[in-house]
Amino acid sequence: MSGRPTEPQPLHLEPIVPMASFASLLERHDMLPSWEGARRQDLEVSEGTTVLALRYNEGVVMAGDRRATAGNVIAHKRVQKVFAADAYSAVAISGTAGMAVELIKLFQTELEHYEKIEGTRLSLEGKANFLARLVRNHLPLAFQGLAVVPLFCGYDEVKEAGMLYTFDVVGGRYEEEDYAATGSGGAEAKSFLKASYRSGIGEEEALRLAVEALVAAAEEDTATGGPDVRRGIMPNVVTVTATGFAEISEERLATIATAVLEARP
Amino acid sequence: MMPFYVPPEQLIKDRADFARKGIAYGRSIVALEYVDGVLLIGANPSSSLHKLGEIYDRIAFAGVGRFNEFETLRVAGIRYADLKGYSYGRGDVTGKGLANAYSQTIGQIFTHEVKPYEVEVIVAEVGDSTQETSLFRVQFDGTMRTEESHAAIGGKDEDLAARLGESHQPDVPLQVALETAMAAIEAVEERAATPGEWEAAVLDRTLGRRKFRRLDRAEIEAARAGD
């Protein structure tokens, strides 16, 4: 399609061309989110911190802490970092919070847009590849210190298995076997999972492991907020299985978190 | 460059006759309110080329006439809704806004393009209650109407609407609405349809954010067996 229509048209009747995705629709209208010229050193921006995911016998668990920091200040105590991407996948973010949230909104809209137009959902790999493209487009900002690194997981309806994908700032997409973690406390969470993870665990154990890994990360990393039972701040924990995306209730998490905190050395 | 003068009345009439003929040739679709929302149903021999579709959280689309033309409108509706919802908020996407956009676009095509669209569409929006539910019908020339409790497009739409006016109540369960709709369509079209020939979907207000759901063959068969 060349340029803009000469007079405002209420509807966009252009025939469907390959890659006529929601993102390219935004592009045609100059509506793609843009932070041109932004540089980390000029700004105090909120950053999200530890998110992780692990596989268990029914699918995948994904979890994230709730803290966002700006420099050495705790900017927000109840940030959501784990989101449903669609009915069969979840996405979590670490990095510059404002940009990451916008990126996720675009990703969610794209998946739903595709599903409605085509009448079928994108394959899980297709979703991961599209997310990689969004991260790649973000690369110039990553060089300026404003990186966004997501974690993606879902239930592959064809392979009938939970799958896990990690990304790097240049848009590299990697399939992970058992567990993955990213963000400032990601290394700590990962080393905890490395020591404690066993394949084939059930849901209860997987949830506990996810919360324990977050607690371990929060103990070593000031930018990660552990469960706060007194204030009722619980991590975001979700599962994706053959029946789809499900959020774990705060009550259930409070029980798990209390048990985990009591058992910590 | 027209060789002869054609009065605008004649031009409009010719175009309207042309479009009407194309639309009447196809089979009908009806939208009916039932206790939990809106049912959309029509006979469709193809199981992959849909006449009904999801537009947004609470909004559904139905089209009759030329497939490629109403398919273009369906996709354009999704673009309109997703763009608006992304820019503002999900609650700002309304059935009325979409029906208006269809009305403008189809009306413009009717007068400006070489050939008018041979289509008619329904935009259905389910609200939290029957009072907040709306059915819009947009015709080939852009005329937009709001309908109460039921709407019919395509084929012998007027006969169908009259029949539904007598037989349909908006507060019935889904099974009853399905049976009423199928009986009315079969009576007006004067032919029976097998369960596999129906295409049906609902906007169900008891569902989560996305209220649109296609009905499978078993549900349609169950409604048939119920009578």
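In case you missed it, the structure is sitting above this.
Residues numbered from 1 in each chain as written. Chains lettered and ligands numbered in written order. Predicted model: local features only at pLDDT ≥ 70, side-chain atom pairs only at ≥ 80, totals over all residues.

With respect to the pairing of strand E5 (residues 73-76) of chain A
Residue and element names in this part refer to chain A.
- Pairing of strand E4 (residues 68-70) with E5 involves three bridges; the strand directions are antiparallel. Directly across from Ala-68, in E5, lies its bridge partner His-76.
- The loop that links E4 with its antiparallel partner E5 comprises two residues; one of these, Gly-71, has a positive phi angle of about 65 degrees. (Pairing = 2+ DSSP bridges. Helix = DSSP H or I, 4+ residues; strand = E, 2+ residues; numbered from the N terminus.)

Let's talk about helix H6 (residues 203-220) of chain A
Residues and elements named next belong to chain A.
- Helix length check: H6, at 18 residues, gives a terminal C-alpha distance of 26 Å against a target of 26 Å (1.5 Å per residue), a fit within 8%.
- Looking only at H6, the buried set comprises Ala-206, Leu-207, Leu-209, Ala-210, Val-211, Glu-212, Ala-213, Leu-214, Val-215, Ala-216, Ala-217 and Ala-218.
- The elements touched by buried residues of H6 are strand E2 (51-56), strand E3 (59-64), strand E11 (179-182), helix H5 (186-196), strand E12 (236-241) and helix H7 (250-263). (Expected span 1.5 Å × (residues − 1). Buried ≥ 20, exposed ≤ 12 C-beta atoms within 10 Å, placed from the backbone. Contact = placed C-beta atoms within 7 Å.)

A short note on the interface of chain A and chain B
- Contacts between chain A and chain B engage 14 residues on the former and 15 residues on the latter.
- Looking at the side of chain A that touches chain B, the elements that each hand over two or more residues are helix H1 (22-28) and helix H2 (97-118) of chain A.
- Per element, the largest residue contribution to the side of chain A that touches chain B is four residues, and it comes from H2 of chain A.
- Here the residues of the side of chain A that touches chain B sort into eight nonpolar, five polar and one charged. (Nonpolar A, V, L, I, M, F, W, Y, C, P; charged D, E, K, R; others polar.)

Brief notes about the sheet that holds strand E13 (residues 244-247) of chain A
Residues and elements named next belong to chain A.
- The antiparallel open sheet is built from five strands, whose spatial order is E11-E2-E3-E12-E13. Every interior strand has two partners, whereas the edge strands, E11 and E13, have only one. Ignoring which end each strand starts from, the neighbouring axes of this sheet average 15 degrees apart.
- Two elements, E3 and E12, share six bridges in a ladder whose sense is antiparallel. Counterpart to Ala-63 in the pairing with E12 is Val-237.
- Taken strand by strand, H5 contacts E2 and E11, and its axis lies near 160 degrees from that of E11. (Axes fitted to C-alpha atoms, helices over the stretch in contact; angles between N-to-C directions.)

Some words on the pairing of E12 of chain A
All names here are of chain A.
- Within E12, five of the six residues are buried, leaving the element largely enclosed by the surrounding structure.
- Sheet topology places E12 next to E13; four bridges connect them, and they run antiparallel. Bridging from a neighbouring strand, Thr-241 pairs with Gly-244 of E13.

Comments concerning the packing of H5 of chain A against H6 of chain A
All names here are of chain A.
- Closest axis-to-axis distance for the H5/H6 pair is 8 Å, and the angle between their directions is 135 degrees. Comparing their axes, H6 and H5 come out oblique. Taken as a pair, H5 and H6 cross one another with a handedness that is right-handed. Across from Glu-188, Ala-189, Phe-192, Leu-193 and Ser-196 in H5, the residues of H6 making contact are Leu-209, Glu-212, Ala-213, Leu-214, Ala-216, Ala-217 and Glu-220. (Parallel < 35°, antiparallel > 145°, perpendicular 65-115°, else oblique. Left-handed = near helix turned anticlockwise from the far one by under 90°.)

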